[in-house]
Every structure is written in structure tokens, then in C-alpha cells.
Amino acid sequence: TQDDANHIFPSFLPDGRMLIFERPASTDNLLLKQIINPRGFSLTINASWDALYSVPVLDSVVDADGRTTQFVYTTVNGKKLLQRVTTPDGNYAEFGYTPTGPNGTTPMLTSIRDAAGIVSTIAYSGSGQYWDYIPASITTPYGTTTFENRDDLATFERYLKVTGAGGVRHVFAFRYGQLGDE
């Protein structure tokens, strides 16, 4: 049942799971707080509402065994971005950003360090077009994967060509409202 005084709102799914939402005092938005399966095992989601950015912020997730995954954020050029995810066993992934992107303000993801310590770097074309938000390449210790994007609104020709480190190419095409693989 709904508990307006404590800002708790349950919802039941056909498969027997219960979702519990809460409404932080600082917003009218509902945040998913807990998922409980029919056996009573739960996943608890600890999130807060960031009033400065008007977004929910995932702080941690506690699994059915009571193990916690933590999320840490950084602010880059006025934007709140995910910096680190730490698993219950202490492994972590980290994310790096440029201060500005093609529009001069939006930070861009430039590096990922995964839980194994492998660092991948991401480069962008920098041509000043909106598709600059699509990476031009991602480099890992295994090689570089490149991305070529075409978006011609006059001919409705749109595609993304992905060339893997081993030279294998995949083309994803969008034409006249249909997505296909060329």
C-alpha cells in the first residue's frame, strides 16, 4: 500500500516481483528504491536527487547478499559525470573525460579503465559537426577500432561503418526509416 507520509510507493508486477519507489523530499520524481522477488530476496537501490543538476544520482546498489556496489561522480565543466564504479570485492572501473566537446561545453568520455586494469581510450573526429559525439576510434591493448559515420539528409543515406582491430568491417545502415545491416 502507498505510504504518502514516508513517500513510499509500491508497485506489483505480474511475475510476483514488487517494486518500491520513493519520492525524495526535494522533488516530485519517483526513484526506484527496491526490487523484491517472490521469494523475498531484494535488491536495494540507493539514489538521491541532485537538485543542482535536476537528475537522479545512483549512489549504491545492495544485492540480496548484502554486498554493495558503489558509484562515485565528478564534475567536469559543470556536468556531473560517473567517475568510478566499485564492486563489492573491491574491483573498480574508472572513466575519464575531456573538459569540453564539439559544442565547447559538453565533456566527452575519453578513457575507461576496466576492473582488470585495462585502459581503453576514445578519440573523436573534431570536425565540428553533431556526429562528433560518435567516437572516431577506440583504442585498447588489443588494437584500435575505428568508426566512420555518414549522415546525408538530402539522400536519406545514413550509416555507421565499424572496422575492428583485426580489420573486420561491419556497416549499419539506416535508409528511409528502416534499419539494416549492409
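First, a word on scope: everything that follows refers to the structure included in this document. The structure displayed is predicted, hence computed values, not measured ones.

**Side note on the pattern of salt bridges**
Argument step 1. Following the criterion strictly, the structure yields five salt bridges and no others.
Argument step 2. The closest approach of N and O atoms between Asp50 and Lys80, which form a salt bridge, is 2.7 Å. Here Asp50, found in strand 4 (residues 42-50), pairs with Lys80, found in strand 7 (residues 79-86); they are 30 residues apart in sequence, far enough to count as distant.
Argument step 3. Overall, the relative accessible area of 11% leaves Asp50 in the buried class.
Argument step 4. Of the charged contacts, one joins Lys161 and Glu148 as a salt bridge, the two residues approaching to 3.7 Å between their closest N and O atoms. Of this pair, Lys161 sits in strand 13 (residues 157-163) while Glu148 sits in strand 12 (residues 143-152), placing them 13 residues apart in sequence.
Argument step 5. Take Glu148: its relative accessible area is 37%, and that puts it in the partly exposed class.

**Some thoughts on the pairing of strand 6 (residues 68-76)**
Argument step 1. Sheet topology places strand 5 (residues 55-62) next to strand 6; three bridges connect them, and they run antiparallel. By the bridge assignment for strand 6, Val62 is matched with Thr68.
Argument step 2. As paired elements, strand 6 and strand 7 share seven bridges and run antiparallel to each other. Residue pairing for strand 7: Phe71 is matched across the bridge by Val85.

Cut-off values and rules
Residues numbered from 1 in each chain as written. Predicted model: local features only at pLDDT ≥ 70, side-chain atom pairs only at ≥ 80, totals over all residues. Heavy atoms only, no water. Salt bridge = Lys/Arg side-chain N within 4 Å of Asp/Glu carboxyl O. Helix = DSSP H or I, 4+ residues; strand = E, 2+ residues; numbered from the N terminus. Buried < 20%, exposed > 50% of the residue type's maximum accessible area, 1.4 Å probe, protein only. Pairing = 2+ DSSP bridges.

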